[in-house]
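# Descriptive structure summary
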Amino acid sequence: MTGFNLSDWALRHRSFVWYLMIASLVAGALSYISLGREEDPSFTIKTMVITAAMPGASTEEMREQVTDRIEKKLEELDELDATRSVTAPGATVVYIDLAPTTRGPAIPQIWQQVRNMMSDIRADFPSEFQGFSFNDSFGDVFGNIYAFTSDGFSPREMRDYLEDIRTEVQALPDAGKVELLGTRDEVIYLEFSTRKLAALGLDQSQVISTLQDQNAISPSGIVDTGQEQVLVRVGGQFQDAASLSAVNLRVGDRFFNLSDLGTITRGYEDPPSEVFHLNGQEAMALTIGMAEGGNILDFGEELKTLMARVQANLPVGIQMHLVADQPDVVDHAVNEFVRALVEAIVIVLAVTFVSLGLRAGFVVTLSIPLVLALTFVVLEQWGITLQRVSLGALIIALGLLVDDAMIAIETMISRLEVGDSLTKAASFAWTSIAFPMLSGTLVTVVGFIPIGLNASQAGEYTFSLFVVIAVSLMLSWIVAVLFAPLLGVTFLPKTMKHHNPEPGRLRRGFHGALRATMRHPYLAILATLAIFATSLWGMKHVEFQFFPASDRPELLVDINARQNSAIAETAQTIARLESHLAGDADIDHWTAYIGRGAPRFILTLDVPTPGPFMGQLVIQARDIEARDRVRARIDALQDDFPGVELFTKLLELGPPVGKPVQYRVSGPDTGEVRRIARELTSLIARDDRLTAIAPDWNEPARVVRVEVDQDKARQLGVAVGDVSGALYSVFSGKTVTQLRDATYLVDVVARGEASDRTDVSALANLQLQSSDGTPIPLSSLATLVYSTEQPVIYQRNRRPTITVKAAMAGDDQPLSVVEDLAPAVAAFAADLPLGYRIEAGGTAESTGDSTGPIAAVVPLMLLLMVTLVMIQMQSFRLSLIVLAAAPLGLIGVTAALLLSGAPLGFVAILGVLALVGILIRNSIILVHEVENQRHAGLDRWNAVFTASDSRARPILLTAAAASLALIPIARQIFWGPMAYAMMGGIIAGTLITLLFVPALYIAIFRVRESPRP
C-alpha cells in the first residue's frame, strides 16, 4: 500500500494508540462479564401448533370436516414448508412448519397471519365445531424444573402452594413463562343409574336443567330509592358438594332428592389427562423459563436464592426437588469451553515463542488479548452469547488471528536485520505486506460465508461461528497494522544482528524437495492431482453425520403403547418400568411424564404430541458411562413389555430429529398407506444396523357403532341427538354447571355409574325416555355393530402419512444406512400404485434442508474469493495459481477423518469450506512474495525459490498455530470431527501448497532453471 500509512500514523500518535489499547482491554473485560451464557446457541423453532375440537366426531369425520379445512387454508401461506396433523376422535392438532429459509424476525408476523386465516374460515366449519387454540410459543424453553412431592396433602392443597410459589417466581425480573405440571383439577361427580332415572320417570335433561337454573348468575335488578341505589342479589348458588346433594327435583306431584338418584362426590379429574412422577412417586412440577435477553447464570442465582427461601417455608410433608437446572449445566459447559480456550491460547503462545523468540513472541502474544477484547465488545453489541458454538469459534479463530501479527512482526524483524531503524522497520509492513494480509484475511472470512448466509435451522444454530471468526479475523488485521508496530517499537531491540545461518537439516530437505518440484513441475502437478484423486476416492469411506448426540448425562425413554390405550394402562406400564429403575446406583433421579412428553427443558428437545397412550421418562444418570449402562439395561427390557415400544435416546445437539432413519409413506387411502408401511417396515428390518423399527401409527381400534332405527325412534319420540347426548353423559360425562370457589372453577359432571360406563355390554341395557316419559331400552330402537377404525390419523400436507422410524443399533451413521438402503427403497417405491409415494425423513431430510442452503451460497463464496484474488493479483495466470491450491486441503481432510474414525458432520463440512479460504490466503502471501522478489531484480526461477524459502517458515508457523490450537476441542463430541478435518486439511494442504504452487508457477510461466544470483 502506498500513500497513507496507518502503521506510521500509529507511531506518530503513540499516546493515543496506547490509550486505545488500554481502552480496548478494559471494554473487552467489561463486555466479557456482561455477555450472556448459554449451553447451546438459540435458534428459532419455526413451528406453530393449532388445536381444534369438535366433540363427538369420529377420527375420519374430524379429518374431513376440520383437519383438511385447516390444512387447505394453510397452503396459501407463502412461507409454508409443510403441515403435519394428528387427528383423533373429537380433536385435531396441526403443526405448521415454516420453510427453513424463513428469517426469525419475520415469524411473529407470519403467526398473526395464520390467526387471521383461521378467523377467515371459521364459518366454514360445522355448527358443532368449538373453535381453535393457538400455540406460537412452541419453542419456549423451561430450563429450571422443580418437582414437589407430598405426604398427607391433597392435590388441591399442593396446587395452592405451587400457585403461591409461581407468583413469587414470576416476580423475578428475568422470569419468563412459568407453568405447573401434574396438577389435578377438582371435579364434583354426579354418578347416576340410567335404570333408576328411567324407573322414576326422570329425564337426564330435566336434572341438568334444574341444576343449571339454580346455579346461574343473572342480574336481579337495582332498587332506586331516590336517594341511593340498592343492589338486589338472589342467592342459592352451590357452595360445595353438600349444597348440591340438597337439591330437590319435582316430577309431577313428587319430589326427589338429588342424592337419591345417584352418588355425589367431590374429587379430582378421573381419568386424569396427564400425570407426573418423580422417582416413581406422583408429584407436581413447577417449570420455569427465562425472559428473552436475560443472563441465564444471573437468573439462576436469583432463582436459587428465592427457592431456598421457599423451601425453608414449606410445611412439613412437602418436599422440593430440583430436577432440571439449566444454569448449572450452562455454567459447567461454559467453564469447560473456557478451559479449552485457555489451553488453545497456551498452545498458540508456545508456538509463537518457540518460532519467534522471547521478545518477538511477546509482541505477538500481546495481540491475542487485544483481538479477543475487541471481539467481546462486538459480540456484546451483536447480541451473541457465550455458548458451545461461539466459544468453539473463538478457539478456531485463535490459531488464525495470530497470523497477521506474526507476519507483521517477522517482516519488522527482517528489516531490522538489514539495518533499518525501529520506526522504519515497523512501518514497512504496511507498505509491503498489509494489502496481501488484508486480501488473505478477507478470503478466509469469505470461506465462512456459507455459515453466515445459511438461513436453515442448522445454519441459525451455527451462525455465531461465522460472526466470531469474521469479527476476530478482521480485528486481527487492524491490530497487526495499528497496534503491533507500536508494540514492536516498544519491546524489540533497536538493532538486530543479520540472521543468515546455514540452513539446517529440515530446511535443506525442503530446499531439495522444492528444487525437485521446480525442475520437474509437470511430474509434481500430476503427483499432486493423483493424491487429490485418491482423497476423493477415500472420502467415499468416510461416514457422514448430521449432528452428534449430546454428551449430557440425561437419558430419555419414549413409551408408546397401542394408540387406543387408556391413560391408566399407560400409567401401569410406566410404573412397571419405574420399578426396574428403583435402587439403580447409576441413576441420580428420574421424572416420568404420563400422557405427554417432557417440557422443553433444552431447546433441542423433540417434543411429542400428547396422548393417553404415550409417556416419557427423563433419567438423570450420574455420568455418561452410567447413562450408557442404564440405556443398555432398559433396551434389554423390551421383551418384558409386549405391545409397548420402549425407545431410549440421548439429547441431541443441533435441531432435533428423533429416530434418525425415517421414511414417510403417504397416499389418499389410509388402508393402503398402512399396507405399504407394513411392507416397507419389513424391507428395512432386514438391515441389522437398525433397531426399534416401528410406524408412528398403524393399528386400528375397536369401535361400537349404535345404528339407530330412525322409524322406530320417531315413533317413540326419540331423536338421534337424544341418543348421542345420553351416551355421552353416561360414558364420558357432561359438565352441567360449575362450582365457583375463591380460586378455581370446579366442574360439576354428570355421568353414569362405574358399572355402566366401564362395561361395553352396558350399552345394550341403557335406558332412554320417550317423549311421554316412558322408559325405553336402547336395544329396542338401535343395533350395536362392532367394527374398527383408526384411533389416530397422521397427515402431512393433507395426505394420510405413516412414518416408519428406526434407530441405530450400533455406531454406524444413519446417513450411510439410508444411502445403502436407497436402491431397495427406490425399487419398492417404483411398484407403488399411482398417488402413493415414499420420502426419506429424519437425519437424511434434515441434512438436505441444512446443506441445501449452503450449496446455494457456495457460488457466491467462490465469486467473492475469485474477485478478491483478482484484486490482489491483477493477473489471470497468477490468480489461477493462487486458486489452484484451494481444493488441496481435502487431501488432509480425508486422511485425518479416516485415521481418526471421525464422521464428516454438518459442522465439519463448514470447516472444510473454510479451509478453502485458509489455503488461498497462504497462496496469496507466497505468490505476492514471488512478485516482490521479481520486482527487486531476481529472475522468475530464483524469485520463486527465494520467495518459497522465505515464506515457508511463516506459513508453516501460522499453519502450526492454526492446527495445534484445535487440539483442545478435538476431544469434544460436537467439535471433534471439524477439528480433525481442519487440522488434517491445514497441515497437509499447507505442506503440499509450498511445493505445488511453485511447481504450478514454473509450469504456467514456462520458467527455465537459471543459476543462483
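Structure's up top.
Residues numbered from 1 in each chain as written. Predicted model: local features only at pLDDT ≥ 70, side-chain atom pairs only at ≥ 80, totals over all residues. Heavy atoms only, no water.

## Observations regarding the overall build of the protein
- The helix and strand inventory of the protein stands at 34 helices and 31 strands.
- Each of the three principal axes of the protein carries a C-alpha extent, and together these read 130 × 80 × 60 Å.
- For the protein, the residues scored as buried account for 54% of the 1013 residues in total.
- Once local pairs closer than 6 in sequence are excluded, the contacts in the protein between residues at least 24 apart make up 81%.
- Within the protein, one finds 79 positive and 108 negative side-chain charges whose respective centroids are separated by 10 Å. (Helix = DSSP H or I, 4+ residues; strand = E, 2+ residues; numbered from the N terminus. Buried < 20%, exposed > 50% of the residue type's maximum accessible area, 1.4 Å probe, protein only. Contact = heavy atoms within 4.5 Å. Lys, Arg positive; Asp, Glu negative; His and termini not counted. Charge placed at Lys NZ, Arg CZ, Asp CG, Glu CD.)

## Some points on a nonpolar patch on the surface
- On the surface, Ile22, Val26, Leu30 and Ile33 cluster together into a nonpolar patch covering about 410 Å² of accessible area.
- Tracing the chain through its elements places Val26 in helix H2 (residues 14-34). (Patch = residues over 30% accessible without salt bridge, like charges linked within 9 Å, V, L, I, M, F, W, Y side chains within 5 Å. Areas by Shrake-Rupley, 256 points an atom, 1.4 Å probe, with all protein chains shown as cover. Salt bridge = Lys/Arg side-chain N within 4 Å of Asp/Glu carboxyl O.)

## Let's talk about a negative patch on the surface
- Residues Asp298, Glu301, Glu302, Asp328 and Asp331 make up a contiguous surface patch of negative charge.
- Elements with a contribution of two residues or more to the negative patch: helix H10 (296-313) and helix H11 (326-356).
- With three residues, H10 is the single largest residue contributor to the negative patch.
- Looking at where Asp298 falls in the secondary structure, it is placed in helix H10.

## Quick word on the pattern of salt bridges
- This structure, assessed with the given rule, holds 40 salt bridges.
- Taking the shortest distance from any N to any O, the salt bridge between Arg519 and Glu1009 comes out at 3.2 Å. Residue Arg519 is located in helix H19 (residues 505-519), and its partner Glu1009 is located in the segment after helix H34 (976-1005); the two are separated by 490 residues in the primary sequence.
- Two residues, Glu789 and Arg705, come together in a salt bridge whose shortest N-O distance is 3.3 Å. Placement of Glu789 in strand E28 (residues 782-789) and of Arg705 in strand E23 (residues 701-708) is noted, with a sequence separation of 84 residues between them.
- Among the charged side chains, a salt-bridge network with shared partners connects Arg664, Arg796, Arg837, Glu839 and Glu845.

## Quick look at the packing of helix H32 (residues 940-964) against H34
- Interaxial distance between H32 and H34 falls to 10 Å at its minimum, and their mutual angle equals 170°. The orientation of H32 relative to H34 falls into the category roughly antiparallel. Across the interface between the two elements, Arg940, Trp941, Val944, Ser948, Ala952, Ile955, Leu956, Ala959, Ala962 and Ser963 from H32 touch Met983, Ile986, Ile987, Thr990, Leu991, Leu994, Pro998, Tyr1001, Ile1002 and Phe1005 from H34.
- Of the residues in the contact of H32 with H34, the class split is 16 nonpolar, three polar and one charged. (Axes fitted to C-alpha atoms, helices over the stretch in contact; angles between N-to-C directions. Parallel < 35°, antiparallel > 145°, perpendicular 65-115°, else oblique. Nonpolar A, V, L, I, M, F, W, Y, C, P; charged D, E, K, R; others polar.)

## What about the nonpolar core?
- Among the nonpolar cores identified, the biggest contains 198 residues, and Ile396, Leu465, Tyr663, Leu680, Ile920 and Trp975 are the most heavily contacted of them.
- Not counting chain neighbours up to four residues away, the residues in contact with Leu680 comprise Tyr663, Val665, Val804, Val825, Phe828 and Ile838. (Core = buried A, V, L, I, M, F, W, Y, C linked by side-chain atoms within 4.5 Å.)

## Focus on the pairing of strand E29 (residues 793-796)
- The alternating pattern of E29 places Ile793 and Gln795 and Tyr794 and Arg796 on opposite faces, both of which are buried.
- As paired strands, strand E2 (residues 80-88) and E29 are joined by four bridges and run antiparallel to one another. By the bridge assignment, Ser85 is partnered in E29 with Gln795.
- Sheet topology places E29 next to strand E30 (residues 799-808); two bridges connect them, and they run antiparallel. (Pairing = 2+ DSSP bridges.)

## A closer look at the sheet that holds strand E19 (residues 614-621)
- The sheet built from six strands is open, its strands ordered E14-E13-E18-E19-E17-E20 with antiparallel pairing. The outermost strands of the open sheet, each flanked by one partner alone, are strand E14 (281-282) and strand E20 (645-650).
- When strand E18 (residues 587-594) meets E19, the two strands line up antiparallel, connected through seven bridges. Bridging from a neighbouring strand, Thr591 pairs with Val618 of E19.
- Across the sheet, helix H21 (residues 567-581) touches strand E13 (275-278), strand E17 (554-560), E18, E19 and E20, and the angle it forms with E18 is around 175°.

## Focus: the sheet that holds strand E15 (residues 284-290)
- Within the open sheet, the four strands sit side by side as E6-E15-E5-E16. Their pairing is antiparallel. Each edge of the open sheet is held by one strand with a lone partner, namely strand E6 (175-181) and strand E16 (318-325). Put simply, the sheet's adjacent strands are angled 20° from each other on average, direction ignored.
- Most of the contacts of H11 go to E16, to which it runs at about 35°, and overall it touches strand E5 (144-150) and E16.

## So, the packing of aromatic side chains
- By the definition in use, this model includes 16 aromatic pairs.
- A ring pair is formed by Trp9 and Phe16, whose centres lie 6.3 Å apart and whose planes are at 85°; its orientation type is edge-to-face.
- A residue is classified by how much of its surface remains accessible, and Trp9, at 24% relative accessible area, is partly exposed.
- Overall, the relative accessible area of 43% leaves Phe16 in the partly exposed class.
- The interplanar angle of 50° and the centroid separation of 5.1 Å between the aromatic rings of Tyr32 and Phe376 together place this pair among those described as tilted. Note that Tyr32 is positioned in helix H2 and Phe376 in helix H12 (residues 358-382), a separation of 344 residues in sequence.
- Cluster of aromatic residues (ring-pair linked, three or more members): Phe125, Phe129, Phe132 and Phe134.
- Between Arg576 and the ring centre of Phe641, over which it is positioned, the NZ or CZ distance is 4.3 Å.
- Here the basic side chain of Arg940 rests over the ring of Phe1005, its NZ or CZ set 4.2 Å away from the ring centre. (Phe/Tyr/Trp six-rings, centres within 6.5 Å; stacked < 30°, edge-to-face > 60°. Lys NZ or Arg CZ within 6 Å of the ring centre and 35° of its normal.)

## Some words on the side chain of Arg596
- Looking at the element boundaries, Arg596 is found in the loop between E18 and E19.
- When its relative accessible area of 18% is taken as the criterion, Arg596 is described as buried.
- Dropping the residues within four chain positions of it, Arg596 is found in contact with Leu181, Glu274, Pro610, Gly611, Met614, Gly615 and Gln616.

## A short note on the side chain of Lys649
- Mapped onto the elements of the fold, Lys649 is located in strand E20.
- Overall, the relative accessible area of 11% leaves Lys649 in the buried class.
- Within the structure, the side chain of Lys649 is placed 3.1 Å from the side chain of Asp558, a separation counted as a polar contact.
- If we ignore the near neighbours within four places in the chain, the residues touching Lys649 are Leu555, Leu556, Asp558, Asp606, Gln616 and Arg631. (Polar contact = N/O pair within 3.5 Å; in protein donor to acceptor, adjacent residues only side chain to side chain.)

## Points about unusual backbone geometry
- Cis geometry marks the peptide bond from Asp270 to Pro271, where omega comes out at 0°.
- With respect to the helices and strands, the residue Pro271 is situated in the loop between strand E12 (262-268) and E13.
- Despite not being glycine, Ala692 has its phi angle at roughly 50°, a positive value.
- By secondary structure assignment, the location of Ala692 is in strand E22 (residues 690-695).
- Phi is positive for Gln874, close to 60°, though the residue is something other than glycine.
- In this structure, Gln874 sits in the loop between helix H28 (842-873) and helix H29 (876-884).
- Residue classification places Gln874 among the exposed residues on the basis of a relative accessible area of 62%.

## Regarding helix H23 (residues 670-684)
- Compared with the 21 Å implied by 1.5 Å per residue over 15 residues, the 21 Å span of H23 between its first and last C-alpha is a close match.
- Burial in H23 covers these residues: Thr670, Glu672, Val673, Arg674, Ile676, Ala677, Leu680, Thr681, Leu683 and Ile684.
- Residues of H23 that are buried sit in contact with strand E21 (661-666), E22, E29, E30, helix H27 (814-830) and strand E31 (837-841). (Expected span 1.5 Å × (residues − 1).)

## Comments concerning H19
- Taking 1.5 Å of rise per residue, 15 residues should cover 21 Å, and H19 covers 21 Å from first to last C-alpha, within 8% of that figure.
- Here H19 has its buried residues at Phe510, His511, Leu514, Arg515, Thr517 and Met518. What you see down the axis of H19 is that its buried residues fit within an arc of 165°, all on one side.
- Residues of H19 that are buried make contact with helix H20 (521-538), H32 and H34. (Arc of directions from axis to C-beta.)

## So, the environment of Leu763
- Within the secondary structure, Leu763 sits in the loop between helix H26 (754-757) and strand E26 (767-769).
- The exposure class assigned to Leu763 is buried, which follows from its relative accessible area of 10%.
- Separated by 57 residues in the primary sequence, Leu763 and Val706 place their C-alpha atoms 9.0 Å from one another.
- When residues no more than four places from it in sequence are discounted, the contact partners of Leu763 are Val704, Leu727, Phe731, Leu778 and Leu784.

## Details of the environment of Gln638
- Along the chain, Gln638 turns up in the loop between helix H22 (624-635) and E20.
- Assessed through its relative accessible area of 26%, Gln638 is described here as partly exposed.
- In this structure, the C-alpha to C-alpha distance between Gln638 and Ala692, residues 54 residues apart in sequence, is 9.6 Å.
- Beyond its immediate stretch of four places on either side in the chain, Gln638 contacts Val644, Glu645 and Leu646.
- Within polar-contact distance, the side chain of Gln638 engages the backbone oxygen of Val644 at 2.6 Å.
- Within the structure, the side chain of Gln638 is placed 3.0 Å from the backbone nitrogen of Leu646, a separation counted as a polar contact.

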